[in-house]
Amino acid sequence: MTRIDSRDISAACDGLTRQGYALLQDVVAAEKFHALHRQFNSRYAHYLRDVEYEETLKVGDRRYRVPVELAGGFADPDVWANATVLDIVRGMLGDDAILDAFGAVVSLPGAAAQHVHRDSPLLFDAAIAPLLPCHALTLALPLVDMDETRGTTALWPGSHRWKARAEGPAPETPRVPAGACLLWDYRLFHGGTPNRSAEPRPMLYATYARAWYRDPTGFTRQGLDRLAMPAGFLDGLPPERRRLFSHLA
């Protein structure tokens, strides 16, 4: 897997177009994410057990998608509106790209390999669908190092161009340290690998999309929120960041 310097926007966009993903080095100071990890463990401790709540979604064995409010350290723009990431997002999705969803996926100790999946179905049931430009991206920001012990996200290079999953190719299983991030095309086949450690592995995620797109499958159950934020959060944002929430107006 090619590791891209966070300043090389062109290489990141090229990797997303050709392979369907990009691994960016040193996007955020690792110390900041270690602090966020401590905050997550304190504020969301009840999500660090094998229980599904009304507001969470089980996405695999001992693996849950949980809401994270854009508050405290998680309101830091480095997390959800990182300047480098937004340059890539807008290069891939246009200047009016939006933040469609934000939260975390927690892989608990002993979690088995997740099912291989796309984040949402293809836009159209037609041969042209995999050939279209990217319409949404997933950003993965690990709060602890993702590796062979804690688990990582397996990615199938080029699978954003497949109509259906192919059985033969082997996935990439990158080591992603805290402070680095993964970006992948919403159509890319991927899946979490087992967590063989004794500790939960929380990973923040953000979904960026073209202004007209909303994930049609991930939030259909009542109680699941795409975005959680305190009252007045949007009022204090500068125009450049507020544009990400234009769909909420």
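All figures in this text were calculated on a predicted structure; none of them were measured in a lab. (Residues numbered from 1 in each chain as written. Predicted model: local features only at pLDDT ≥ 70, side-chain atom pairs only at ≥ 80, totals over all residues. Heavy atoms only, no water.)

This part is about the overall build of the protein chain. A count of helices and strands for the protein chain gives five helices and 10 strands. Seen through its principal axes, the protein chain has C-alpha atoms that stretch 45 × 45 × 40 Å. Per-residue burial over the protein chain gives 52% buried out of 249 residues. Looking at the protein chain alone, contacts between residues at least 24 apart form 81% of all its contacts between residues at least 6 apart. For the protein chain, the computed accessible surface area is about 10,800 Å², with 51% contributed by carbon and sulfur atoms. Each charge class in the protein chain can be summarised by its mean position, and for the 28 positive and 30 negative side chains these summaries are 2 Å apart. (Helix = DSSP H or I, 4+ residues; strand = E, 2+ residues; numbered from the N terminus. Buried < 20%, exposed > 50% of the residue type's maximum accessible area, 1.4 Å probe, protein only. Contact = heavy atoms within 4.5 Å. Areas by Shrake-Rupley, 256 points an atom, 1.4 Å probe, with all protein chains shown as cover. Lys, Arg positive; Asp, Glu negative; His and termini not counted. Charge placed at Lys NZ, Arg CZ, Asp CG, Glu CD.)

Right, let's talk about the pattern of salt bridges for a bit. Summed over all chains, the structure comprises 13 salt bridges. As a salt-bridge pair, Glu 52 and Arg 221 come within 3.2 Å of each other at their nearest N and O atoms. Note that Glu 52 is positioned in the loop between helix H2 (30–43) and strand S3 (57–60) and Arg 221 in the loop between strand S10 (201–209) and helix H5 (239–242), a separation of 169 residues in sequence. (Salt bridge = Lys/Arg side-chain N within 4 Å of Asp/Glu carboxyl O.)

In this section: unusual backbone geometry. Phi angles above zero are rare outside glycine, and Asp 26 is one such case at about 50°. Under the relative-accessibility criterion, Asp 26 is labelled exposed at 64%. Even without a glycine there, the phi angle at Arg 62 is positive, about 55°. The residue Arg 62 is located in the loop between S3 and strand S4 (63–67) in this model.

A surface patch of nonpolar side chains, amounting to about 340 Å² of accessible area, comprises Leu 123, Phe 124 and Trp 212. As for its position among the elements, Phe 124 is in the loop between strand S5 (98–107) and strand S6 (136–142). (Patch = residues over 30% accessible without salt bridge, like charges linked within 9 Å, V, L, I, M, F, W, Y side chains within 5 Å.)

Moving on, we come to empty space enclosed by the protein. Under the criterion given, the structure shown has two cavities of 30 Å³ or more. In this model, the largest cavity occupies a volume close to 50 Å³. In terms of lining, the largest cavity is formed by Glu 55, Arg 65, Val 66, Pro 67, Phe 102, Gly 103, Tyr 205, Phe 219, Leu 224 and Asp 225. At the level of secondary structure, the elements contributing two or more residues to the lining of the largest cavity comprise S4 and S5. Sort the elements by how many residues they give to the lining of the largest cavity and S4 lands first, with three residues. Class assignment of the residues belonging to the lining of the largest cavity gives a composition of six nonpolar, one polar and three charged. Computed from the structure, the second largest cavity encloses a volume of approximately 30 Å³. In terms of lining residues, the second largest cavity is bounded by Leu 122, Leu 123, Ala 129, Leu 132, Pro 133, His 135 and Arg 187. Partitioned by chemical class, the residues of the lining of the second largest cavity number five nonpolar, one polar and one charged. (1 Å grid on protein atoms, 1.4 Å probe; cavity = no way out; pocket = protein on both sides within 12 Å on 5 of 7 lines; lining within 4 Å. Points joined across faces, edges and corners; volume = space filled by probe spheres on them. Nonpolar A, V, L, I, M, F, W, Y, C, P; charged D, E, K, R; others polar.)

For helix H1 (residues 9–18), the set of buried residues is Ala 12, Cys 13, Gly 15 and Leu 16. Down the axis, H1 shows its buried residues gathered within 160° of arc, on one side only. Facing away from the buried side of H1 by over 90 degrees, the exposed positions are Ser 10 and Arg 18. One or two residues past the end of H1 sits Gly 20, with phi positive at roughly 90°. (Arc of directions from axis to C-beta.)

Keep in mind that these numbers describe shape and distance, not what the molecule does.
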